[in-house]
Amino acid sequence: MYVCMCHAVTEDQVKREIDAGADTPRRIAKGCKAGTDCGSCVRRIQALLGEHGARPCPTARLAAKLGLADPGADSEESEPTPAPVAALRVA
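For clarity, every value in this text was computed on a predicted model and none was experimentally measured.

(A) Spatial organisation of helix 2 (residues 25-32). Within the span of helix 2, buried status applies to Ile 28, Ala 29 and Cys 32. With its buried residues spanning 100 degrees around the axis, helix 2 presents them on a single face. Exposed side of helix 2, more than 90 degrees from the buried face: Arg 26 and Lys 30 are the residues found there. Of the surrounding elements, those touching the buried residues of helix 2 are strand 2 (9-10), helix 1 (11-19) and helix 3 (42-51).

Written out as structure tokens, the structure reads:
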């Protein structure tokens, strides 16, 4: 499957870059140019980095820092409490 359409880079190519030591989207870009044109593939590249242990995506790091539950973890204890929503004021 293609990750970067601009440079025709596949998931396998990105995974090879990770296996070769690339641990950030910039290092992957340096090796195969994925993420250097329109940038729409950078989130998928970050996800692949997280899946392969190189570097979790920023959202996962932020969730861990804030102590939020892992969205992939099964939690049967209780339903998560929704975040409060601010009321909109109409002038």
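Next comes the rest of the account.
(B) The arrangement of the nonpolar core in detail. Of all hydrophobic cores here, the largest spans 13 residues; its most connected members are Val 3, Val 9, Val 14, Ile 18, Ile 28, Ala 34 and Ile 45. When residues of this core are traced back to their parent elements, those giving at least two are strand 1 (2-4), helix 1, helix 2 and helix 3. Take this core: its biggest share by element is three residues, from helix 3. For Ile 28, the contacting residues outside a window of four places in its chain are Val 14, Glu 17, Ile 18, Ala 22, Lys 33, Ala 34, Ile 45 and Leu 49.

(C) Highlighting the state of the cysteines. Applying the stated criterion across every chain yields a total of zero disulfides. Its sulfur unpaired, Cys 38 is 3.7 Å from the next cysteine sulfur, which belongs to Cys 6. Free cysteine: Cys 41, not disulfide-bonded; nearest cysteine sulfur from Cys 4 at 4.0 Å. Assessed through its relative accessible area of 4%, Cys 41 is described here as buried.

(D) Local environment of the environment of Gly 35. Looking at the element boundaries, Gly 35 is found in the loop between helix 2 and helix 3. Residue classification places Gly 35 among the partly exposed residues on the basis of a relative accessible area of 26%. Beyond its immediate stretch of four places on either side in the chain, Gly 35 contacts Cys 4, Cys 41, Val 42 and Ile 45.

(E) Representation of the packing of helix 1 against helix 3 in the model. In contact at an axis separation of 10 Å, helix 1 and helix 3 are set at 50 degrees when each is read in the N-to-C sense. Comparing their axes, helix 3 and helix 1 come out oblique. Seen along the crossing, helix 1 lies across helix 3 with a hand that is right-handed. Contacts between helix 1 and helix 3 involve Glu 11, Val 14, Lys 15 and Ile 18 from the former and Arg 44, Leu 48 and Leu 49 from the latter.

(F) Structural detail: the confidence of the model for the protein. Per-residue pLDDT for the protein has a mean of 78; in total, 62% of the residues score no lower than 70. Counted against residues more than four places away or in other chains, residues 74-78, with its pLDDT under 50, gives zero contacts.

Definitions and cut-offs
- Residues numbered from 1 in each chain as written.
- Predicted model: local features only at pLDDT ≥ 70, side-chain atom pairs only at ≥ 80, totals over all residues.
- Heavy atoms only, no water.
- Buried < 20%, exposed > 50% of the residue type's maximum accessible area, 1.4 Å probe, protein only.
- Helix = DSSP H or I, 4+ residues; strand = E, 2+ residues; numbered from the N terminus.
- Arc of directions from axis to C-beta.
- Contact = heavy atoms within 4.5 Å.
- Core = buried A, V, L, I, M, F, W, Y, C linked by side-chain atoms within 4.5 Å.
- Disulfide = S-S within 2.5 Å.
- Axes fitted to C-alpha atoms, helices over the stretch in contact; angles between N-to-C directions.
- Parallel < 35°, antiparallel > 145°, perpendicular 65-115°, else oblique.
- Left-handed = near helix turned anticlockwise from the far one by under 90°.
- pLDDT = per-residue confidence, 0-100.

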